[in-house]
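This is what each chain is made of:
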Amino acid sequence: MISPRSEGDLAEAVASAKTPLRPKGGGTRMIGDAQGEVLDVSGLSGVTLYEPAALTLVVQAGTPVSDINTLLAGERQRLGFEPPDLRALLGRDGVSTIGGVAAANASGPRGVQGGAARDAMLGVRFVDGRGAAISSGGRVMKNVTGYDLVKLMAGSYGSLGVLTEVSLKVQSIPEAEVTLVLDGHDVDAGLAALRRALGSPYDVSGAARAGGRSYIRIEGMEGSVAYRAERLRAQCDATLVEGAQSSAIWDGIRDVAPLHGRAGDIWRLSVLPTDAAGIVEAILAAHGGDMLRDAVYDLGGASVWLALPAGADDVVRTALNGRGAAIKLRGTGAAPFAPQSGAVTALSSALKAQFDPLGRFAQGII
Amino acid sequence: MEMPRPNSMILSRRAQIVAQLRAALPKGCVIDDPMETRAYECDALSAYRCAPLAVVLPRSTAEVAAALRICHALGVPVVPRGSGTSLAGGAMPSADCVVLGVARMNAVLDTDYDNRFIHVQSGRTNLSVSGAVEAQGFFYAPDPSSQLACAIAGNIAMNSGGAHCLKYGVTTNNLLGVTMVKMDGTVITLGGPWGNGFGLDLLGVVCGSEGQLGVVTEAWLRILPKPEGARPVLVAFNSSEVAGACVADIIRAGILPVAIEFMDRPCIRATEAFAHAGYPDCEALLIIEVEGSAAEIDEQLSRIRAIAARHDPIEFTEAADEAQAKRIWLGRKSAFGAMGQMGDYMCLDGTIPVSQLPFVLRRIGELSADYGLDVGNVFHAGDGNMHPLILYNANKDGDLAKCEALGAEILKLCVQVGGCLSGEHGIGLEKRDLMPVQFTPADLEAQMRVKDVFDPSWLLNPAKVFPLAASAARRGEAA
Ligand SMILES: Cc1cc2nc3c(=O)[nH]c(=O)nc-3n(C[C@H](O)[C@H](O)[C@H](O)COP(=O)(O)OP(=O)(O)OC[C@H]3O[C@@H](n4cnc5c(N)ncnc54)[C@H](O)[C@@H]3O)c2cc1C
């Protein structure tokens, strides 16, 4: 294991490496069959800059997410994109780091309102496969200076380079939150209710379905939350859950609690909300089992989490039928992304070859 | 501004190039009459002009591909163009290039309110995208001030922002997918109505790549339900420092207005003379807009009023009705036009950390005095995106050069305090040579490698974004 203490050390380690490396933050979200010597980034830790009044945080990539959450909470702020803690889902232990979150574009239910990790990432520093330290973006909210390599690094799972620093936009913790709980709907009606809420002007910040119930979250100032909850309740029959009880629901959705401890492969699909139930049904029909009950629908149905028996790749591909994307977060076998067009795969491979010509990092992910 | 010498081989084959394009495209899609190509000689950075070799105006993705295949085979550079409103010279032609304009591709291909997206051809103007979904109570969020004219194609290429992006984000945060044609004529789809999905975020890197990676022909865009209402307030201060402190306090208090715009005295005076919006004659003013139901707006504005009160504003005016709301926005929206009345101007676009606002404004004042050129500041205060407007006289010898030198000083200042060269207009031609102020050679090399992948022959908009010396070898030129 190589354990650099600085970006300079890390760059040197990559430049002088003779064999493949496995960049690792906390090891809680790695995908694919990673091989090679572990390059442990957890030594690059600490806050470079935190300006609450500018909603800006710059941290070293190895900084534990829990430390960041504590720091931000002290100023009544948070990471708006709700990075999920996937340890219980994927059966991993370790300390999740912000570099891992960025490399996985790990994002939770608030995506319906404020986007994913990629949308909160203002800048990155990383070391590419040649050992060059590279910076893209910066620490300011608006920046179109040069190509947006920040987006390219978000969700690249360490295949192009090792993140050393991440700049993030943070947000204030709102004063109030409530969740509307909808019971007694079948999947189609339950998902339709989520879509209706998302099509309303009431600024929904969570829309999910799990365990036979649908959940809609509203956050903001006291009076405004009460008003919007009432308006939404007028269009669907729901009970209200507030405060800590409400956040517990969303922690569970974010971390995909209904699938914890499940055997098999863990998949996440990205689809059109109106297609979600049909695609899950098609997978179920092809595969058997009682998955429908267990599917976790987030982002109003645009994101679906599934636990499937090993070897479901073809079934997933067929069910998607070109209308969406999928990632296998835990499991064995072929490339964890499916399906992509040949042209996209070719471009991705060519980019990989440019940033990592010697194949130092994650092979077989792209 | 230095441009690569036009390739004489290409110039000499002009007739052949035009003939091949004519043969491949329907009648009326190829323009080579110098009287007509003149219309494409510049974008909104009008100090620089050069008519192209020819212009093609295809009507479909297939026609774009056909045109690109020909140019690729003949080694002819191509400059993609939307509506030509770039302030960075991004759509400026070279004498040996073909301008590929997508203005005729402006159809709405699909609207889906249940899944909240619209699918359009890229030549459609920004405002008419919102227009297409308005009746159903939806809108497309990024709203550049040029939205009446600018095209989605240019918005994607520049990753454009707008006054309301404080809450809703810029183009990249609202873009779900594109169909695009690579320089070699290959048609590819990145993302889709469901978004980018997983794997490398190629869509994310195409957005903001200034027409250098491919010609975008179609796009899937996120549409949002319109808020119940919106209301602006105007807050005036005797000092820019205090106005800046007020902005910081609002953000710190957890209030998220949809827009916080800032104007300084030179800009306010120019605007008043031109648009008569009724602004007070003060050092700095803020326009803050919040959204929601009437009661939600009241709740937010009462908090903003309380915060502002701590900073002794000389005026706090809440729009009582639609007409007053329009008046409050009128001055801000006419700011560029007003400055334009006073002479020629150059609009800068650097971003700074908001905490540096007082220092940067003071420095700009000093630099303006040193150079003897007036500078007015309009500013997206919530996110630190500045728009210093430098006034100069294009007919006065050396004034443009002086203006550009001052502009460069101001942009360097933005980078020095932790910001960047461009917040939303892009680098184009204008800021190309300043890139090394913000980036190391390794940083620039990494970006150019991305272009190598998408456009190995460097024919798409080749002389933009990167300093000419840095890209010389790739463009097949001795450095
Ligand atoms: C008065 C005024 C106000 C403005 N206000 C704002 C503002 O508030 N916010 C903001 O962000 N910008 C603003 N702008 C700048 C400008 O309007 C934006 O950059 C806009 O997105 C450009 O769009 P366009 O269609 O005019 O693009 P063009 O000027 O035609 O081209 C811009 C760039 O896009 C590339 N391009 C064009 N079409 C394609 C295509 N199909 N595929 C690939 N690349 C392509 C071009 O090569 C060029 O590099 C303003 C400009 C003016 C004149």
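Residues numbered from 1 in each chain as written. Chains lettered and ligands numbered in written order. Predicted model: local features only at pLDDT ≥ 70, side-chain atom pairs only at ≥ 80, totals over all residues. Heavy atoms only, no water.

A word on the overall build of chain B
Right, on to step 1. A count of helices and strands for chain B gives 18 helices and 18 strands.
Right, on to step 2. Taken over C-alpha atoms, the radius of gyration comes to 23 Å for chain B, in line with the 23 Å a tight globule of 479 residues would show.
Right, on to step 3. With the C-alpha coordinates of chain B rotated into their principal frame, the extents come out at 70 × 55 × 40 Å.
Right, on to step 4. Burial analysis of chain B (479 residues in total) assigns 63% to the buried set.
Right, on to step 5. For chain B, restricting intrachain contacts to residue pairs at least 6 apart in sequence, the fraction spanning at least 24 positions comes to 71%.
Right, on to step 6. Between the centroid of the 40 positive side chains of chain B and the centroid of its 53 negative side chains there is a distance of 5 Å. (Helix = DSSP H or I, 4+ residues; strand = E, 2+ residues; numbered from the N terminus. Rg over C-alpha atoms; globule rule 2.2 N^0.38 Å. Buried < 20%, exposed > 50% of the residue type's maximum accessible area, 1.4 Å probe, protein only. Contact = heavy atoms within 4.5 Å. Lys, Arg positive; Asp, Glu negative; His and termini not counted. Charge placed at Lys NZ, Arg CZ, Asp CG, Glu CD.)

Here's the deal with the interface of chain B and chain A
Right, on to step 1. With 81 residues of chain B in contact, the opposing surface of chain A contributes 74 residues.
Right, on to step 2. For the pair chain B and chain A, the summed buried area comes to about 6100 Å², and 61% of that belongs to carbon and sulfur atoms.
Right, on to step 3. The largest per-residue losses of area from chain B upon contact with chain A belong to B:Trp194, B:Phe198 and B:Leu200, which jointly make up 15% of the total buried on that side.
Right, on to step 4. Linking chain B to chain A there are eight salt bridges.
Right, on to step 5. Our enumeration of links across chain B and chain A arrives at 22 residue pairs in polar contact (both at pLDDT 80 or more).
Right, on to step 6. Those elements that provide at least two residues to the side of chain B that touches chain A are helix 7 (165–168), strand 9 (187–191), helix 8 (202–206), helix 9 (240–252), helix 11 (294–309), helix 16 (435–438) and helix 17 (441–454) of chain B. (Buried area = accessible area lost by both parts, 1.4 Å probe. Salt bridge = Lys/Arg side-chain N within 4 Å of Asp/Glu carboxyl O. Polar contact = N/O pair within 3.5 Å; in protein donor to acceptor, adjacent residues only side chain to side chain.)

Concerning the pairing of strand 17 (residues 325–330) of chain A
All names here are of chain A.
Right, on to step 1. Within strand 17, six of the six residues are buried, which leaves it mostly tucked inside the rest of the structure.
Right, on to step 2. Sheet analysis places strand 14 (residues 265–270) next to strand 17, joined by five bridges and oriented antiparallel. Bridge pairing in strand 17 links Arg268 to Ile327. (Pairing = 2+ DSSP bridges.)

A few points about empty space enclosed by the protein
Residue and element names in this part refer to chain A.
Right, on to step 1. Throughout the structure, instances matching the rule amount to one cavity of 30 Å³ or more.
Right, on to step 2. Taken as a whole, the largest cavity spans an internal volume of roughly 430 Å³.
Right, on to step 3. Lining the largest cavity we find 31 residues, and of these Pro23, Lys24, Gly25, Ala103 and Tyr157 sit closest to its centre.
Right, on to step 4. Of all the secondary-structure elements, those providing two or more residues to the lining of the largest cavity are strand 1 (21–24), helix 4 (98–104) and strand 8 (161–169).
Right, on to step 5. Considering only residue class, the lining of the largest cavity consists of 15 nonpolar, 13 polar and three charged. (1 Å grid on protein atoms, 1.4 Å probe; cavity = no way out; pocket = protein on both sides within 12 Å on 5 of 7 lines; lining within 4 Å. Points joined across faces, edges and corners; volume = space filled by probe spheres on them. Nonpolar A, V, L, I, M, F, W, Y, C, P; charged D, E, K, R; others polar.)

Observations concerning the domain arrangement of chain B
Note on interface size: it is often stated as the accessible area lost on association of the parts.
Residues and elements named next belong to chain B.
Right, on to step 1. Along its sequence, chain B is carved into domain 1 (8–101), domain 2 (111–225), domain 3 (230–336), domain 4 (343–433) and domain 5 (439–471).
Right, on to step 2. If you average the C-alpha positions of domain 1 and of domain 4, the two centres end up 31 Å apart.
Right, on to step 3. Taken together, the contacts link eight residues of domain 1 with 11 residues of domain 4.
Right, on to step 4. A buried area of about 660 Å², summed over both sides, lies between domain 1 and domain 4, and 67% of it is on carbon and sulfur atoms.
Right, on to step 5. Area buried by domain 1 at its contact with domain 4 is led by Tyr48, Leu87 and Ala88, which between them contribute 65% of it.
Right, on to step 6. One can count zero salt bridges joining domain 1 with domain 4.
Right, on to step 7. Each residue belonging to the side of domain 1 that touches domain 4 can be placed in one class, and the counts come to six nonpolar, two polar and no charged. (Domains from an automatic or database assignment.)

Description of helix 13 (residues 313–320) of chain A
Residue and element names in this part refer to chain A.
Right, on to step 1. For helix 13, the set of buried residues is Asp313, Val315, Val316, Ala319 and Leu320. Seen along its axis, helix 13 keeps its buried residues to an arc of 165 degrees; they face one direction. In helix 13, the exposed positions that point more than 90 degrees away from the buried face belong to Asp314 and Thr318.
Right, on to step 2. Two residues or fewer past helix 13, Asn321 is found with a positive phi of approximately 50 degrees. (Arc of directions from axis to C-beta.)

Focus: the packing of helix 2 (residues 14–24) of chain B against helix 4 (residues 61–74) of chain B
Residue and element names in this part refer to chain B.
Right, on to step 1. Packing of helix 2 against helix 4 brings their axes to within 9 Å, and their N-to-C directions diverge by 155 degrees. The angle between helix 2 and helix 4 places the two elements in the roughly antiparallel class. When the axes of helix 2 and helix 4 are compared, the crossing they make is right-handed. For the pair helix 2 and helix 4, the contacting residues are Gln16, Ile17, Gln20, Leu21 and Ala24 in the first and Ala67, Ile70, Cys71 and Leu74 in the second.
Right, on to step 2. Of the residues belonging to the contact of helix 2 with helix 4, the class tally is seven nonpolar, two polar and no charged. (Axes fitted to C-alpha atoms, helices over the stretch in contact; angles between N-to-C directions. Parallel < 35°, antiparallel > 145°, perpendicular 65-115°, else oblique. Left-handed = near helix turned anticlockwise from the far one by under 90°.)

A look at the domain arrangement of chain A
All names here are of chain A.
Right, on to step 1. Domain boundaries assigned for chain A yield domain 1 (7–172), domain 2 (176–255) and domain 3 (259–330).
Right, on to step 2. Centre-to-centre separation of domain 1 and domain 2, based on C-alpha positions: 30 Å.
Right, on to step 3. Facing the 11 residues of domain 1 at the interface are 11 residues of domain 2.
Right, on to step 4. Area buried by domain 1 at its contact with domain 2 is led by Pro109, Val112 and Gln113, which between them contribute 51% of it.
Right, on to step 5. Ionic pairing is found between Glu219 and Arg110, a salt bridge with its closest N-O pair at 2.9 Å.

A closer look at the confidence of the model for chain B
Right, on to step 1. Taken as a whole, chain B shows an average pLDDT of 95; of its residues, 100% reach a score of 70 or greater.
Right, on to step 2. Complex prediction metrics read pTM 0.97 and ipTM 0.97. (pLDDT = per-residue confidence, 0-100.)

Here's the deal with the site of the ligand
All names here are of chain B.
Right, on to step 1. With respect to spatial proximity, 33 residues lie near the ligand, and among them Pro80, Gly82, Thr85, Ser146 and Ser160 are the closest.
Right, on to step 2. In this structure, Ala151 approaches the ligand through a main-chain N or O atom, which is 2.9 Å from an oxygen atom.
Right, on to step 3. The contact in question runs from an oxygen atom of the ligand to an N or O atom on the backbone of Gly161, over 3.0 Å.
Right, on to step 4. Burial of the ligand by the protein chains amounts to 94% of its free accessible area of 980 Å².
Right, on to step 5. Secondary structure elements with two or more residues in the shell around the ligand: strand 3 (78–81), helix 6 (152–158) and strand 10 (215–222).
Right, on to step 6. If one sorts the elements of the shell around the ligand by residue count, helix 6 sits on top with five residues.
Right, on to step 7. Classifying every residue of the shell around the ligand by side-chain character gives 13 nonpolar, 17 polar and three charged.
Right, on to step 8. Shared between two domains, the shell around the ligand holds at least three residues of each, these being domain 1 (8–101) and domain 2 (111–225). (Near = heavy atom within 4 Å. Areas by Shrake-Rupley, 256 points an atom, 1.4 Å probe, with all protein chains shown as cover.)

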